[in-house]
Amino acid sequence: MTVTAQEIREVAPANVPEDVLEFVTRVAELAKPEAVYFADGSQEEWDRLTTEMVESGMFTRLNEEKRPNSFLARSLPSDVARVESRTFICSEKEEDAGPTNHWYDPTEMKKILNEKFDGAMKGRTMYVVPFSMGPLGGPISQLGIELTDSPYVVCNMRIMTRMGAKAMDLINEGGEWVPAVHSVGAPLEPGQEDTTWPCNEEKYITHFPETNEIWSYGSGYGGNALLGKKCFALRIASTMAKRDGWMAEHMLILRLTDEKTGKQYHVTAAFPSACGKTNLAMLQPTIPGYKVETVGDDIAWMRPGPDGRLYAINPEAGFFGVAPGTSHDTNPMAMDTMDRNTIFTNVALTDDGDVWWEGCDMPAPEHLIDWKGQDWNPDSREKAAHPNSRFTTPAAQCPIICDDWEAPQGVPIDAILFGGRRATNVPLVAEQYEPAHGVYIGASVASEVTAAATDVKAGSLRHDPFAMLPFCGYHMADYWAHWLEMQDKLGDKFPKVYQVNWFRKDDEGNWLWPGYGENSRVLDWIVRRAAGEVEAVEGLTGLYPKFEDFNIEGLKDFDEETWKKLYTIDPEAWDAEAAETEEYFKQFGDKVPARILEQLAKLRERINNA
Ligand code: GTP
Ligand code: SPV
Ligand code: MN
C-alpha cells in the first residue's frame, strides 16, 4: 500500500506550493511510504505523535509531576552518535571537499541513494517538516523542508527549529528552501512488527553543496537525522557562506553584561563536540558584577552588519545538549531549562519515572533502567547513561535566555574564543598577536576525542580546526582563506580571537582549573582587555594575562603556584607541537594560506628564542 500522488494532493494543506508538492511526490514515489503527513508544528500534533510513540514503545513518558510533557527514547547501541566515516560531501570536484571530508561523486552517490531509498519508507508515514533556521522571516534566516519517516525526528525538529505551518507560509510566499530527505532505512513489510528504534546498520549522511541538497539514510540519531542542525546549518550553510560572504560556525553565543557600567559584550566560542559550549553559554559567573545571558549553544551564523561589525544569530530554537556531567552545580541553567517539555535520549530511567545520568546531582539510586533498557544498580560495571546521551529542550525555557536571542539581525560580536580538551601544553587563555594569528589559533585547534562521534577513538588527541572538522562542507584550507578574507573585509572591527583551555591537568591527572562558572574569570580578563584596562605579556602562543590582573578573588585552593602550572609553556613540547602541526597542514598542500604558514614560522621563532 503506497500513497499516490493524488492522495498527497488531497492531504496537503492549502499553503503548500507546487514545487514542494512535486518534491514530496517525487520522494514518495521512490521511498513508497504508506501515507504522507504535513506537519503543522501544533501542540495537538505534538500530543498525538508523542502518544503514538509511547504506544509503539519508542518513547517512555516520564513522571508528569516531576517532568511534565517529557519523554525518554533509547536508541540501538549502534546508533548513539554521529558517524563521521559515513558522512559524505558530494561536490562535483573531489578537491572542493578537501582531504578532511569523505568525498563521493555526486552522480554515483545519487545512484546509491536511489537504490537505498527505493521502498525505504514502506509501511511508514512520511512526514513533511517545513522549518526555519533562525527567526521566521529574519534577514539571516533560511528555510528548509525535511522529509522523514521518523516521528522522533519530527518532535525533535519541533524543539530545535521553528517548525510547522508558518515556515511553510514563508516558503509559499516564495522563500528559497533547502530540500532534506531522511529515512531510518527500516521498511516494514505487511504484518511486520516495528522495533522501538528502527534504523539500518548501513548509514549514508550525504550533502550536495552545489545543489544545497541533503540525503540521510540509516540513522535516527540527532546529528545524523535532525537535518536542520549539522547537515544544513553547518555543512551546507558553510558552503553558502563562503559563496556569499558570511560565516557558519560551530559556536555558542553569549551576552556578558558588566552590571556596574551596564556595558554589554557578546562573545562566540568554538569548542569541539562535547567540549563545553553548552556549559559556557549558560555560565553562572562566580565573580560579582557580571551577568551572562544565553543566545545560542552550538551554532552561529555571522554576517557583517551595516556598521561594519560582525553580527551573529543562533539558527536553532532548542538545545541538543550532552546530559552526563550536567548538574545543578555545573550547569544549573540547563537543569532548569529541561525540567519540562524535553526529550531525553539514552539516559537512565529511575523507578519513579524520572531521568538519571552520571554526574547529575543525585547519587546513583539502588535501581535504574540503563540506556540499553537493562536493570542497573550501583555495582553495575557499565554506565547507566550513554556518555553521549542528550536532552532536546526549548531554548525559550532557559531562565537566562537573552532578550535578543531572536533578534533577526543578530548581536554584535566582541570576541571569539577557540578551545578544546588539552591536558597539557595549552594555557588557560591567550590573546591573538594579530588577526592572522587568530586564524592560526583556530586552524591549529586539537582536542581529546569525546563520545560525540561513534567512529573516532575517544581520548586520543586529534586536530579539529575551528571545531569544524566534522562540519565544514568544503575544503578546510579554503575555509581558513575565507576567514582571512572576512578579517580583511572588516578590518579592526573583526573580533579579536582568544585561545582558551579549561581542561589542563596536573601530573596526577587532576584538573588544574575548576572550570564551569569560574570560567567567568577568563571572560572578565577578555573584556577588560577589550576595554584597554589591562596589559598582557608576550608569551609563546599569544598574549597572556599578568597574574596580578587576573581576578582570583574567592577562588578556592588557587594561588600563584597553580597559575604557574596553568602557564607552564615547555618550548620542547611546543617544538614538537609545531612540527606536528606542520605535518598536519601538509595534507592541504598549497591551499594553506601563506599567512597561516607565516604564523607557524613566527611561532617557531618564538620557540627558538624561548
Ligand atoms: P556538543 O553539543 O557536542 O557540540 O557539545 P558542547 O561543546 O556543547 O559540550 P557541553 O557543554 O555539553 O560539555 C560536554 C561535557 O564537558 C560535559 O560533560 C560537561 O560537564 C563538560 N564540561 C563543560 N565545561 C567544562 C569545564 O569548564 N570544565 C570541565 N572540567 N568540564 C566541562
Ligand atoms: C555535536 O556532536 O557537535 C553535537 C551533537 O552538537 S550533533 O547534533 O549530533 O552533532
Ligand atoms: Mn555541536
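The residue numbering used here restarts from 1 in each chain and proceeds along that chain's sequence as written. Chains carry letters from A onward and ligands carry numbers from 1 onward, assigned in written order. For this predicted model, a pLDDT threshold of at least 70 governs which residues receive local features, and a threshold of 80 or more governs which side-chain atom pairs are given and counted, while totals over whole chains, interfaces and linings are taken from all residues. Based on all heavy atoms of the structure, the side-chain values leave hydrogens and waters out of the count.

An unreviewed UniProt entry annotates the protein as Phosphoenolpyruvate carboxykinase [GTP] of Boudabousia tangfeifanii. UniProt positions are given in the numbering used here, feature names are shortened, and annotations may be inferred rather than shown by experiment. Quoted verbatim from the Pathway (unreviewed entry) field of UniProt, the annotation for the protein is "Carbohydrate biosynthesis; gluconeogenesis." Of the protein, the UniProt comment under Catalytic activity (unreviewed entry) reads exactly: "oxaloacetate + GTP = phosphoenolpyruvate + GDP + CO2".

Draft legend 1. Structural detail: the sheet that holds strand β23 (residues 375-376). Two strands are said to pair when DSSP picks up at least two bridges between them. Strands here are runs of E lasting at least two residues and helices are runs of H or I lasting at least four, both read from the DSSP assignment and numbered beginning at the N terminus. What the four strands build is an open sheet, ordered β21-β20-β22-β23; its pairing is antiparallel. Of all the strands in the sheet, the pair left with one neighbour each is β21 (355-356) and β23. Across two bridges, the pairing between strand β20 (residues 348-350) and β21 is antiparallel. Residue leucine 349 lies in a different strand from β21, and its bridge partner there is valine 355.

Draft legend 2. Seen up close, the state of the cysteines. Two cysteine sulfurs form what is called a disulfide whenever their separation falls within 2.5 Å. According to the stated counting rule, one finds zero disulfides in the structure shown. You can see cysteine 199 has no disulfide; the closest cysteine sulfur is in cysteine 231, sitting 16 Å from it. A residue is classified by how much of its surface remains accessible, and cysteine 199, at 14% relative accessible area, is buried. Cysteine 402 supplies the cysteine sulfur nearest to cysteine 398, a cysteine that is in no disulfide, at a spacing of 10 Å. Three labels apply to residues, based on accessible area from a 1.4 Å probe with only protein chains included: buried if under 20% of the type maximum, exposed if over 50%, partly exposed otherwise in between. Relative accessible area serves as the criterion here: at 3%, cysteine 398 is assigned to the buried category.

Draft legend 3. Highlighting the pattern of salt bridges. By definition here, a salt bridge exists when the distance from a side-chain nitrogen of Lys or Arg to a carboxyl oxygen of Asp or Glu is within 4 Å. The tally for this structure, following the rule as stated, stands at 34 salt bridges. Here lysine 111 makes a salt bridge to glutamate 108, at a shortest N to O gap of 3.2 Å. Taken as a pair, lysine 111 and glutamate 108 lie in helix α5 (residues 106-117) at a separation of three residues, close to a single helical turn. For lysine 111, a relative accessible area of 49% puts it in the partly exposed group. We note a salt bridge from aspartate 404 to arginine 255, for which the minimum N-O separation is 2.7 Å. With aspartate 404 in the loop between β24 (390-394) and β25 (411-412) and arginine 255 in strand β13 (residues 252-258), this pair connects stretches of sequence that are 149 residues apart.

Draft legend 4. Geometry of α5. Helix span, expected: 1.5 Å multiplied by one less than the number of residues in the helix. Here α5 spans 16 Å end to end across twelve residues, near enough to the 16 Å set by a 1.5 Å rise per residue. Every buried residue of α5 is listed here: Pro106, Met109, Ile112, Leu113 and Phe117. In a view along the axis of α5, the buried residues occupy a sector of 120 degrees, so they form one face of it. Regarding α5, its N-cap is aspartate 105, as a side-chain oxygen of that residue lies 3.1 Å from the backbone nitrogen of threonine 107 further along. Trailing α5 by a residue or two, glycine 119 shows a phi angle of about 75 degrees, which is positive. The arc refers to the directions leading from the helix axis to the C-beta atoms. Any pair of nitrogen or oxygen atoms within 3.5 Å is treated as a polar contact; in protein, a donor-acceptor pairing is required on top of that, and neighbouring residues in sequence qualify only through side-chain atoms on both sides.

Draft legend 5. Just the site of ligand 1, in detail. Close contacts around ligand 1 come from 22 residues, with Ala274, Lys277, Thr278, Arg390 and Tyr516 the closest. Separating an oxygen atom of ligand 1 from a backbone N or O atom of glycine 276 is a distance of 3.0 Å. With respect to ligand 1, the side chain of threonine 278 contributes an N or O atom lying 2.8 Å from an oxygen atom. About the coverage of ligand 1: the protein hides 94% of its 660 Å² of free accessible area. Throughout, the term near means that a residue has one or more heavy atoms lying within 4 Å of the molecule or strand in question. The protein chains shown are the only cover counted for residues, whose accessible areas, like all others here, come from Shrake-Rupley with a 1.4 Å probe.

Draft legend 6. Just the site of ligand 2, in detail. Around ligand 2, the neighbouring residues are Arg82, Tyr221, Gly223, Lys229, Lys230, His250, Ser273, Asp298, Phe320, Arg390, Ala452 and Phe471. The side chain of tyrosine 221 places a nitrogen or oxygen atom 2.9 Å from an oxygen atom of ligand 2. Here an oxygen atom of ligand 2 and a side-chain polar atom of histidine 250 are 3.3 Å apart. For ligand 2, whose unbound accessible area comes to 280 Å², protein coverage reaches 98%. Considered class by class, the residues forming the shell around ligand 2 number four nonpolar, three polar and five charged. Any residue that is not Ala, Val, Leu, Ile, Met, Phe, Trp, Tyr, Cys, Pro, Asp, Glu, Lys or Arg is counted as polar, Gly included; the first ten are nonpolar and the last four charged.

Draft legend 7. Highlighting the packing of helix α12 (residues 435-443) against helix α13 (residues 476-490). Packing of α12 against α13 brings their axes to within 10 Å, and their N-to-C directions diverge by 150 degrees. Our classification of the angle between α12 and α13 gives roughly antiparallel. Crossing handedness for the pair α12 and α13: right-handed. Of α13, the residues touching α12 (which contributes Pro435, Ala436, Val439 and Ala443) are Trp480, Trp483, Leu484 and Gln487. Of the residues in the contact of α12 with α13, the class split is seven nonpolar, one polar and no charged. Note on geometry: axes are lines fitted to C-alpha atoms, helical ones only across the stretch in contact, with angles between N-to-C directions running from 0 to 180 degrees. Roughly parallel refers to an angle under 35 degrees, roughly antiparallel to one over 145, roughly perpendicular to one between 65 and 115, and oblique to any angle outside these ranges. Should the near helix be turned anticlockwise from the far one by less than a right angle, the crossing is left-handed, and should it be turned clockwise, the crossing is right-handed. Note on contacts: a residue pair is in contact if any heavy atoms of the two residues lie within 4.5 Å.

Draft legend 8. Inspection of helix α6 (residues 151-160) at higher detail. When you tally the buried positions in α6, you get nine out of ten residues, the bulk of the element. Every buried residue of α6 is listed here: Pro151, Tyr152, Val153, Val154, Cys155, Asn156, Met157, Ile159 and Met160.

Draft legend 9. Quick peek at the confidence of the model for the protein. In the predicted model, the protein carries a mean pLDDT of 97, and 100% of its residues have values of at least 70. Per the prediction output, this complex has pTM 0.98; the corresponding ipTM is 0.99. A residue's pLDDT is the predictor's confidence in that residue, given on a scale from 0 to 100.

Draft legend 10. Summary view of the sheet that holds strand β19 (residues 343-345). Strand order in this open sheet of five strands is β2-β3-β19-β24-β18, and the pairing throughout is mixed. The open sheet has two edge strands with one neighbour each: β2 (59-61) and β18 (318-322). Strand-to-strand twist of the sheet, defined as the mean angle between neighbouring strand axes without regard to direction, takes the value 20 degrees. Relative to β19, strand β3 (residues 71-73) runs parallel, the two being bridged by three bridges. In the strand pairing of β19, alanine 73 is matched with threonine 345. Against the sheet, helix α3 (residues 43-56) touches β2, β3 and β19, its axis set at about 105 degrees to β2.

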